[in-house]
Amino acid sequence: QVQLVESGGGTVQAGGSLRLSCVASGHVDSISPACMAWFRQAPGKEREGVAGLYTGDRFTDYADSVKGRFTVSHDTSANTFFLTMNFLKHEDSAIYYCAADLGRCRLRSPGWFTYWGQGTQVTVSS
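Every value quoted in this text rests on a predicted model; they were computed, and no experiment measured them.

With that settled, the discussion passes to the pattern of salt bridges. Applying the stated criterion across every chain yields a total of six salt bridges. Here arginine 104 ties to aspartate 57 by a salt bridge, and the two come within 2.9 Å at their closest N and O atoms. Pair noted here: arginine 104 is in the loop between strand S9 (94-102) and strand S10 (115-116) and aspartate 57 is in the loop between strand S5 (48-54) and strand S6 (59-62), with a separation of 47 residues, a long-range link. Residue class for arginine 104 comes out exposed when judged on its relative accessible area of 53%. One salt-bridge network, held together by shared partners, links Arg40, Glu48, Arg69 and Asp92.

Sheet architecture is open: four strands sit in the order S1-S3-S8-S7, paired in antiparallel fashion. Of all the strands in the sheet, just strand S1 (2-7) and strand S7 (70-75) have a single pairing partner and so form its edges. The sheet shows a mean angle of 20 degrees between the axes of neighbouring strands, direction not considered. Relative to strand S8 (residues 80-85), S7 runs antiparallel, the two being bridged by six bridges. By the bridge assignment for S8, histidine 74 is matched with phenylalanine 81.

The subject of this paragraph is the side chain of glutamate 6. Position of glutamate 6 among the secondary structure elements: in strand S1. Reaching out from glutamate 6, the side chain makes a polar contact with the backbone nitrogen of cysteine 98 at a distance of 3.0 Å. Of note is the side chain of glutamate 6, whose polar atom sits 3.0 Å from the backbone nitrogen of glycine 119. Apart from the residues within four sequence positions on either side, glutamate 6 is in contact with Ser21, Cys22, Trp38, Tyr96, Tyr97, Cys98, Gly117, Gln118, Gly119 and Thr120.

The geometry of an aromatic ring pair comes down to the distance between the two centres and the angle between the two planes. Following the criterion strictly, the structure yields six aromatic pairs and no others. Geometrically, the ring pair formed by phenylalanine 39 and phenylalanine 113 is edge-to-face, given 5.2 Å between the ring centres and 80 degrees between the ring planes. Of this pair, phenylalanine 39 sits in strand S4 (residues 34-41) while phenylalanine 113 is found in the loop between S9 and S10, placing the two residues 74 residues apart along the sequence. Each member of the pair, phenylalanine 39 together with phenylalanine 113, is buried.

Calculation rules
- Residues numbered from 1 in each chain as written.
- Predicted model: local features only at pLDDT ≥ 70, side-chain atom pairs only at ≥ 80, totals over all residues.
- Heavy atoms only, no water.
- Salt bridge = Lys/Arg side-chain N within 4 Å of Asp/Glu carboxyl O.
- Helix = DSSP H or I, 4+ residues; strand = E, 2+ residues; numbered from the N terminus.
- Buried < 20%, exposed > 50% of the residue type's maximum accessible area, 1.4 Å probe, protein only.
- Pairing = 2+ DSSP bridges.
- Axes fitted to C-alpha atoms, helices over the stretch in contact; angles between N-to-C directions.
- Polar contact = N/O pair within 3.5 Å; in protein donor to acceptor, adjacent residues only side chain to side chain.
- Contact = heavy atoms within 4.5 Å.
- Phe/Tyr/Trp six-rings, centres within 6.5 Å; stacked < 30°, edge-to-face > 60°.

Read these as geometric descriptors, not functional statements.
Here's what the structure looks like:
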């Protein structure tokens with residue numbers, strides 16, 4: 001019903017920046033208002049919520065580890081949302097996944113999300 005395709009991953013040096021994109025297609029009206037969120041999973045670690053934006057009231061939520069460095073945003077006309085990452089650290093290295101579903105964000109409950117992107121690798125060199 002809804003497909004998410006993400007892009008923008010790559011390798012950057014510590015202190016650098018990267019912007020991930022997630023394009024939604026299909027019946028996007030079925031998840032409006034929606035939570036648009038980003039998760040990441042590093043080797044040997046569980047998947048963790050990084051950032052989320054609820055389109056109903058524009059409320060945003062961030063993991064403490066990325067607060068002040070990462071920003072989630074939304075381009076309504078393009079059915080696209082983004083994760084802008086600044087001042088990247090080595091510990092930010094992970095596979096990043098975009099996710100979306102109807103309702104308020106639940107960053108601490110990845111199982112709640114129905115729609116997921118395929119993942120994109122972010123590697124921060126030290």
